Amino acid sequence: MSIKEISEAMEKDSVFFGIREAVKNAKKLVNVFIAKDTRDETVEKLESAGIEFVVLKPKAELAKELNLDFECEVFSIKK
């Protein structure tokens with residue numbers, strides 16, 4: 001379900017990629033998803049910012065399923 005959400009948000013141009021964007025836009029977010037192999041410091045930054053998240057598949061699998069030409073640890077969906 002969550003990969004579908006990210007894909008739909010990408011089509012609507014309402015997704016942020018990366019930890020920096022998630023923290024900067026924390027009040028504008030509906031959902032945050034992270035890769036299973038996200039670095040510990042990234043998880044700590046999200047937790048310290050009070051952002052709840054759902055853990056998904058590893059970065060490589062997410063990039064393949066979302067048809068991205070890059071790997072990303074954090075996907076945030078805007079309101």
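Structural data are supplied above this passage.
For clarity, every value in this text was computed on a predicted model and none was experimentally measured.

Turning to the nonpolar core, a few remarks are in order. A general tendency of soluble globular proteins is for nonpolar side chains to be buried together. With 14 residues, the main nonpolar core has Ile6, Phe33, Leu62, Leu66 and Phe75 as its most contacted residues. Those elements that provide at least two residues to this core are helix 1 (2-11), helix 4 (59-65) and strand 4 (74-78). Considering each element in turn, this core owes the most residues, three residues, to helix 1. Val43, Leu46, Ile51 and Val74 belong to the second largest nonpolar core, which has ten residues in total.

Moving on, we come to the pattern of salt bridges. Considering all chains together, one arrives at six salt bridges under this definition. We note a salt bridge from Arg39 to Glu41, for which the minimum N-O separation is 3.8 Å. As a salt-bridge pair, Lys57 and Glu65 come within 2.5 Å of each other at their nearest N and O atoms. For Glu65, a relative accessible area of 41% corresponds to the partly exposed category. Ionic contacts of the salt-bridge type, sharing partners, join the residues Arg39, Glu41, Lys59 and Glu73 into one network.

This brings us to the packing of aromatic side chains. With the rule as written, the count across this model stands at two aromatic pairs. Between Phe17 and Phe70, the aromatic rings sit 5.4 Å apart at their centres with planes inclined by 85°, giving edge-to-face as the arrangement. Taken together, the residues Phe17 in strand 1 (residues 15-17) and Phe70 in the loop between helix 4 and strand 4 connect sequence positions 53 residues apart. When the ring of Phe17 is compared with that of Phe75, the centres are 5.8 Å apart and the planes differ by 75°; the resulting orientation is edge-to-face. Of this pair, Phe17 sits in strand 1 while Phe75 sits in strand 4, and the two are 58 residues apart along the sequence. Chaining the aromatic ring pairs together yields one cluster made of Phe17, Phe70 and Phe75.

Rules behind the numbers
- Residues numbered from 1 in each chain as written.
- Predicted model: local features only at pLDDT ≥ 70, side-chain atom pairs only at ≥ 80, totals over all residues.
- Heavy atoms only, no water.
- Core = buried A, V, L, I, M, F, W, Y, C linked by side-chain atoms within 4.5 Å.
- Buried < 20%, exposed > 50% of the residue type's maximum accessible area, 1.4 Å probe, protein only.
- Helix = DSSP H or I, 4+ residues; strand = E, 2+ residues; numbered from the N terminus.
- Salt bridge = Lys/Arg side-chain N within 4 Å of Asp/Glu carboxyl O.
- Phe/Tyr/Trp six-rings, centres within 6.5 Å; stacked < 30°, edge-to-face > 60°.

So yeah, pure geometry; function would need other evidence.
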